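Each chain, letter by letter, is given below.
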Amino acid sequence: MTEPAFGNGSPAVSSILRLRGLTKTYREGESDRAVLDDLEATIDEGEFVVLMGRSGSGKSTLLNLVSGIDLPTSGTVEIGETDLTTLSETERTLFRRTHIGFIFQSFNLISTLTVAENILLPLELSGIRSGQAEEQALSILERVGLGDRGDSFPDRLSGGEQQRVAVARALAADPLLILADEPTGNLDYETGRQVLTILTDLVTDLGKTLLVATHDRMLLDRCDRVVTLHGGTLHDGAPDFLESSSA
Amino acid sequence: MSLLQRSSLRYLTQHPWLMGLSVLGVALGVAVVVSIDLANTSASTAFQLSAETVTGKATHQVVGTTGSIDEDVYRRIRMEAGVQLSAPVVEGYATLQSSDRTFQVLGVDPFAEGPFRPYVRAGGGGGIDLPTFMTRNTALLSQPTAEQAGLQVGDTLRVSIEGRTIPVELAGLIEPESERTRRAIANLVLVDVSTAQALFDQTGRLTRIDLIVPDGETGEQMLAGIRSALPEGARVQRSETRTETVEQMTRAFDLNLTALSLLALVVGAFLIYNTMTFSVVQRRGLIGRLRALGVTRRQIFRLVLGEAALLGVVGTGLGLLLGIALATGLVQLIAQTINDLYFVVSVQEITIAPWTLLKGALLGIGTTVAAAVAPAREATNAPVSTVLQRSTQETNLQDLAPKLAGAGVGLAAVGAAVLVLTEQSIILSYGALLFILVAAALLTPMAVVAMARGIRPVLGALTGVLGRMAARGVVSTLSRTGVAVAALMVAVASTVGVGVMIDSFRGTVVSWLTQSLQADVYVQPPSLVFRRSDATIDEAVLERLRQVHGVASSHTVRRVSVESPLGPTELVAVEQGPETDEVYQFKVGEPEAVWPDFGTKNFVLVSEPYAYRHDLAVGDSVALQTDRGMQRLPIRAVYYDYGSDLGVVLTSRSTYERFYDDRGVSGIAFYARDDVDVDALIADMRGAVGGMQDVIIRSNKALRETSLKIFDRTFTITTVLRLLAVVVAFIGVLSALMALALERRREFGVLRATGMTPKQVGGYVTLQTSLMGLIAGVLSLPLGYVLAYVLVYVINKRSFGWTLQLSVAPEVLGQALLLAVAAAFLAGLYPAWQMARSSPALALREE
Ligand SMILES: Nc1ncnc2c1ncn2[C@@H]1O[C@H](COP(=O)(O)OP(=O)(O)O)[C@@H](O)[C@H]1O
Ligand SMILES: [Mg+2]
């Protein structure tokens, strides 16, 4: 139970994400509370990992550390050759821009940009030239089944459609690592399933590395590995509570 | 355009009202600054042009002591000194009866003119008959001017000068060769020297003699030759001297107008700050998402600053156009004031100086961008967000309020220190005033919190839950309400400050006028510059007036401009009347010692502004150019005088006559016999001089009223500027309230959904905005008082050297409160209506 159960323990050449001694504490009144406590993990290139855990167990916290949005209290976050914890705020932003695709629970599309522009944005930010970028954006939009909605603004789209745009946006800039934080949390069951199908199909096709936090058991069949966040560390396999609570 | 910029632009166009108001605020601020600058520049250009016109190519001038010189001096320069490049000039101002414009009358000798004023030759030599021009009362006008006035060659012009009207025949037209010449001679009436002497009643005298003196050795020798040929009192001076000194007269006046014009821009800066803060707060979520996608802080910063710059550029562009339009109206007000106070200037068109426009553009865009720096930095601090967070910003500002207040106290201390530690600088005083304004703005959030908390139970008792909510709402949205209240407070306080300053000034002037106008009847010739009536009353008129039945006694006053090492000085020579010692109240000096010697001993009294300007005190002396050479006269007293900010040197008539040959009289005051009705006396006097020189005869009451009318007229422009600042503040409040309404749409949606009627929502919003107005009004009172204090005791003193009595009328304070509440109430109507009619369903659906 206290063993680091995630990954094979030795840093493989092909590993893309390495978390070492990751600790994150939040100040709560007078005392500190550790949400993540000396957490260790490795993810290999092309791997599809599902992250489970109770609400409040620290999944979002973990993903935010991996994406460099937040910094750990201690420990390191290595992506490829880079240790995010040694980078400045701006350097982390630039790293995120080119190497990480993020899908959020609350879609988080930019309301003042059209669907196509939302997808173009990460490409433009990474400095990819516009002609090529537009083609790339359109093709990925086709892939998520919204080829005809490119000129619409996000508020014209349904939740499922918005999340499909978010999926396309996360993949557009050809990132090293794709993170998804409860991508179906704001969607009904059916729609959620559709989005997950599209996401996993795309990731598998493109051979991308994906770490997705979710409660949806559908992914258990399709992923390479399942891990559960509990007590501040990761444990192999799906949690027991899931069986009982989802019944 | 990048996607980020496109996103920005869409956001801006999605809020047309808010952005429109911001653009309007910047535009008005820039317009006011630019228009004042343009108006000032136009007046000064008009003056320079007219000065150049009459100076022509002359390098030097021979002038007398009191504004004229014997024409024999010209003969001596030509014959004895053998200077051929010299020309006699008689000049002055006149009105033509066909138009009420002021014209410059230039009397020249056509034979000597050639090298001096080319335009004279251009028209004068060709079309007209020289003998006619030189003998009869004939004049030349510029062709476009004549055409405008519908005059033709052969028509009779009725020229009025100092109350005398003389018919002059229009003998020819001058065709301007260039646009510059056209403007330069548009106000010129060109006559022969002898005609001018007749018009100005100056037989045998010249205003000056123009010279062209070459540079270097020859020139020096020539000047030496001329000097030796001059009688005592006459001097040679460089031609530019006059223009320079005249320009200096209005420096303090221009500076104060400019400072006041900046007020609207300062208020406009609040508006921009508010708009940009709103746009940032509203987009915190969006900015957080952009950050999560890899947009850097620097990019966000630049984006927000870019948006402000765009608003600034559009607003400034509009402001420049509006400023040019506004200048056309303001220039006449300014020209009027200059004419009332300083010298004659006639401005027919505005001069659009590129430098003024450039300054305005830089100021407008600079202010906008500067006002956006804080919100832009705020934007970079938006949390990189994966989930939406609400109202974090509000608690921040509440936490920040004490810190801001601390900074405000510090800033106020710096401002006060600048005021105390600097001696004379007007610019620094205004700088300090700006510090104090900003300090007050920084103190506002804390004051708003305190006042809203204090008023909450009261409002609750009066209007129930709605009232308590309204008071609470002001605090919970402090980032919005604080800025709106601050902007309104600054504008209202400025109005109070300037208003109290004008009232105090006026009150001081009223009591001074009452004190100094002791005689029953005052007579003077009509004068173009009200405060400097140095026209001369005809000898014959004086004689007749003195003999009117009912006159008990009279005493004269002579007003001349004389040269002194300190520049041209207004010298006033008075005959001692029965109450002279009451007329002149001493600031320094002993009346008991001074008055008995007045007339027997040679000394002067100087007015307070004169002493201040030249740093003189009792015991010092003033050097004056006289007909007996340069004379140093001791100063025996400094007296209060609010007639001229340039200052006056006062002496007795007998001292004056000892040093000057001039025997003219500029004004005369009469005491009526006790058994005579003053109005009847005035009627008799008017009858006695009918058909002679047209002089103004009026009672002391009428003179006092006229003086006050002029006083009020000189402050018209100040009032206009004050109003414009309030307009900008109103726009600021409107935009802040609109922003607030937009931001709280959801909250109102919830209120509506839970059963609040549209009317209640409207009432709630109106109550809240009125409360904000009340808070702003209350806060503006102490600030207004501080501003008034600084304006009266520091800035007025430094600008003009006057001691004023600060007096605060209770009405002014009531009006300030009313103004603030009314402005906020009115500005709140539209947002209240909008909120009231907003559908709850729509509001709730928005994220
Ligand atoms: N900024 C924060 N400050 C304090 N506590 C936080 C903060 N963010 C998250 N937490 C706490 O950390 C724990 C984990 O949160 P989170 O990572 O959002 O969990 P999950 O995504 O698994 O539901 C929760 O108890 C939450 O209250
Ligand atoms: Mg979460």
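About the thresholds
Residues numbered from 1 in each chain as written. Chains lettered and ligands numbered in written order. Predicted model: local features only at pLDDT ≥ 70, side-chain atom pairs only at ≥ 80, totals over all residues. Heavy atoms only, no water. Helix = DSSP H or I, 4+ residues; strand = E, 2+ residues; numbered from the N terminus. Buried < 20%, exposed > 50% of the residue type's maximum accessible area, 1.4 Å probe, protein only. Contact = heavy atoms within 4.5 Å. Pairing = 2+ DSSP bridges. Axes fitted to C-alpha atoms, helices over the stretch in contact; angles between N-to-C directions. pLDDT = per-residue confidence, 0-100. Patch = residues over 30% accessible without salt bridge, like charges linked within 9 Å, V, L, I, M, F, W, Y side chains within 5 Å. Areas by Shrake-Rupley, 256 points an atom, 1.4 Å probe, with all protein chains shown as cover. Salt bridge = Lys/Arg side-chain N within 4 Å of Asp/Glu carboxyl O. Lys, Arg positive; Asp, Glu negative; His and termini not counted. Charge placed at Lys NZ, Arg CZ, Asp CG, Glu CD. Domains from an automatic or database assignment. Polar contact = N/O pair within 3.5 Å; in protein donor to acceptor, adjacent residues only side chain to side chain. Nonpolar A, V, L, I, M, F, W, Y, C, P; charged D, E, K, R; others polar.

It is worth spelling out the overall build of chain B at this point. Along the backbone of chain B there are 31 helices and 21 strands. Principal-axis analysis of the C-alpha atoms places the extent of chain B at approximately 100 × 65 × 50 Å. Residues classed as buried in chain B amount to 57% of the 847 residues present. Expressed as a percentage of contacts within chain B between residues at least 6 apart in sequence, the contacts between residues at least 24 apart total 82%.

On to the sheet that holds strand β3 (residues 48-52) of chain A, then. Residue and element names in this part refer to chain A. Strand order in the open sheet formed by 6 strands is β6-β7-β8-β3-β9-β10, with mixed pairing between adjacent strands. Since the sheet does not close on itself, it has two edges, and those belong to β6 (100-103) and β10 (233-236), each with one partner. Direction aside, neighbouring strands of the sheet carry axes that sit 20 degrees apart on average. Inspection of the sheet shows β3 paired to strand β8 (residues 209-213) by 4 bridges, in the parallel sense. In the sheet register, V49 faces β8, and the bridge partner there is L211. Sitting on the sheet, helix α5 (residues 159-172) is in contact with β6 and β7 (177-181), with an inclination near 170 degrees to β6.

Looking at where G643(B) falls in the secondary structure, it is placed in the loop between β18 (629-639) and β19 (648-652). C-alpha separation for the pair G643(B) and S607(B), spaced 36 residues apart in sequence, amounts to 9.4 Å.

What follows concerns the confidence of the model for chain A. All names here are of chain A. Averaged over every residue, the pLDDT of chain A is 86; residues scoring 70 or more account for 91%. Residue range residues 1-13 is modelled with pLDDT below 50. Its contacts to residues more than four positions away, or to other chains, number 19 contacts. Note on residues 242-247: pLDDT is under 50 here. Beyond four places in sequence and across chains, it has 5 contacts.

We now examine a positive patch on the surface. Residues and elements named next belong to chain B. A contiguous patch of positive charge, built from R453, R456, R468 and R472, is present on the exposed surface. Of all the secondary-structure elements, those providing two or more residues to the positive patch are α17 (426-463) and α18 (465-476). Mapping R468 onto the fold places it in helix α18. Using a relative accessible area of 36% as the deciding quantity, one classes R468 as partly exposed.

Further remarks concern the domain arrangement of chain B. All names here are of chain B. Examined at the domain level, chain B breaks down into domain 1 (11-56 + 243-387), domain 2 (57-238), domain 3 (447-516 + 711-847) and domain 4 (526-694). The centre of domain 1, based on its C-alpha atoms, is set 44 Å off from the matching centre of domain 2. In this complex, domain 1 contributes 14 residues to the contact, which on the side of domain 2 involves 22 residues. Counting across the domain 1 and domain 2 interface gives 0 salt bridges. Remark: the boundary between domain 1 and domain 2 carries 3 residue pairs in polar contact (both at pLDDT 80 or more). Here the side of domain 1 that touches domain 2 gets 6 residues from one element, more than from any other, and that element is helix α2 (residues 16-55).

Residue and element names in this part refer to chain B. For the pair helix α12 (residues 251-282) and helix α29 (residues 758-800), the least separation of the axes is 9 Å and the interaxial angle reads 145 degrees. Residues A252, F253 and N256 of α12 form the contact with α29, whose participating residues are I795, S799 and F800. Its residues placed into classes, the contact of α12 with α29 shows 4 nonpolar, 2 polar and no charged.

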